[in-house]
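Observations on the model geometry
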Amino acid sequence: MAQELLEIQPLELKFTFEVKKQSSCSIQLGNKSDQYVAFKVKTTSPKKYCVRPNVGIIKPKATYDFAVTMQAQRVAPPDFLCKDKFLIQSTVVPFGTTDEDITSDMFAKDSGKYIDEKKLRVVLISPPQSPILLPRNGELKQDPLQETSMLKDVALTGVENIPPGNNVADDVEGPETAKVTDELRPTKDVQGLEMGKDNNGWRSAEDVPSRPVKVVEELKPEKDILELKLAKDFEQLKSKLNLADSRLREAEHTIKKLTEESSFATREKDMLKHELVSVLLLLPLFVLLLLLLLLLFRNTF
């Protein structure tokens, strides 16, 4: 059985879906092996999603996070079912490989290398619902369970996030059904979106005095942008740290190799020095022996 290189958490990409709003989620990859592993993220809808980063190097027994952002959509899919899928490919790479060394050939199946593949599906989650109004004695009143939940929210946050109430009836004139429509209008209409006036002269919920809710809702997009920017900066910093660590390991390997070469050269030098000393010690004996031979030869003749 082929070895699983990565542990993926979670196994689904969950997005809180709202029309005309971006949504993001993060995935964590864990290297289960004792080797360097390169990964690459693919999707069936590349124009719909933004993956940062979509490739990377994971060191042995380390983890790596990447963020996936779903672009703002104009309409919601039927029954909130999304058929988009993601594919995470991973393969073993040489020690010291960096993000800049990654190429598409590393993940080619015809290269003979083992490519581990995991598929992830996309799950859409509905945003929190608006307060539920139920008919009572010919009037629409809030559901008691929803009202209890809203009271808890007020206690926790200090902001009462409810739709405009009876003040609308004091400012407008017209059929009773239009009055009910204004009361049912969701809180997101208070975000400064100008709805204008319809044929009957009704004004949008923007004119309803609900200042605390409006301020909180307007701050949400700025908070989301700040969170995305912080996540991007964190990923970039993490990538730079990984790159610096890889280069440090390469430098350590080079220093070790140079140290070994220096040690070998020192040993060779000592050996040559020892041989030279031996030759110098034997030289007088050799000269003396030569003189003796000359004397013997001279005496003979």
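A brief look at the structure comes next. (Residues numbered from 1 in each chain as written. Predicted model: local features only at pLDDT ≥ 70, side-chain atom pairs only at ≥ 80, totals over all residues. Heavy atoms only, no water.)

1. A few points about the sheet that holds strand E4 (residues 36–43)
Filter applied, for reference: Strands qualify as paired when DSSP identifies two bridges or more between them. Starting at the N terminus, helices and strands are each numbered in turn, a helix being any DSSP run of H or I of at least four residues and a strand any DSSP run of E of at least two. Interaxial angle, 0 to 180 degrees, is taken between N-to-C directions of lines fitted to C-alpha atoms, where a helix line uses only the stretch in contact.
The strand order across the open sheet built from five strands is E2-E9-E8-E4-E6, with neighbouring strands paired in mixed fashion. What marks the edges here is a single partner per strand, and that holds for strand E2 (12–16) and strand E6 (55–58). Mean inter-strand twist for the sheet, computed between neighbouring axes without regard to direction, equals 25°. Note: E4 against E6, four bridges, orientation antiparallel. Within E6, the position partnered with Val37 by the bridge is Ile58.

2. Topic: the pattern of salt bridges
Under the convention used in this document: In the sections that follow, a salt bridge refers to a side-chain nitrogen of Lys or Arg positioned within 4 Å of a carboxyl oxygen of Asp or Glu. Burial classes: relative accessible area under 20% of the type maximum marks a residue as buried, over 50% as exposed, and values in between as partly exposed (1.4 Å probe, protein chains only).
In the structure shown here, the tally under the stated rule is nine salt bridges. Across the pair Glu12 and Arg121 runs a salt bridge, and its minimum N-O distance is 2.7 Å. Placement of Glu12 in strand E2 and of Arg121 in strand E9 (residues 116–125) is noted, with a sequence separation of 109 residues between them. Judged by its relative accessible area of 45%, Arg121 falls in the partly exposed class. Here Lys61 ties to Asp34 by a salt bridge, and the two come within 3.7 Å at their closest N and O atoms. One end of the pair, Lys61, is in the loop between E6 and strand E7 (63–70); the other, Asp34, is in the loop between strand E3 (23–31) and E4, with 27 residues separating them in the sequence.

3. Description of the pairing of strand E8 (residues 85–93)
Summarising burial for E8: seven of the nine residues are buried, a large majority. Taken together, the six bridges between E8 and E9 define a ladder with antiparallel strand orientation. When the bridges of E9 are listed, Ile88 appears paired with Lys118.

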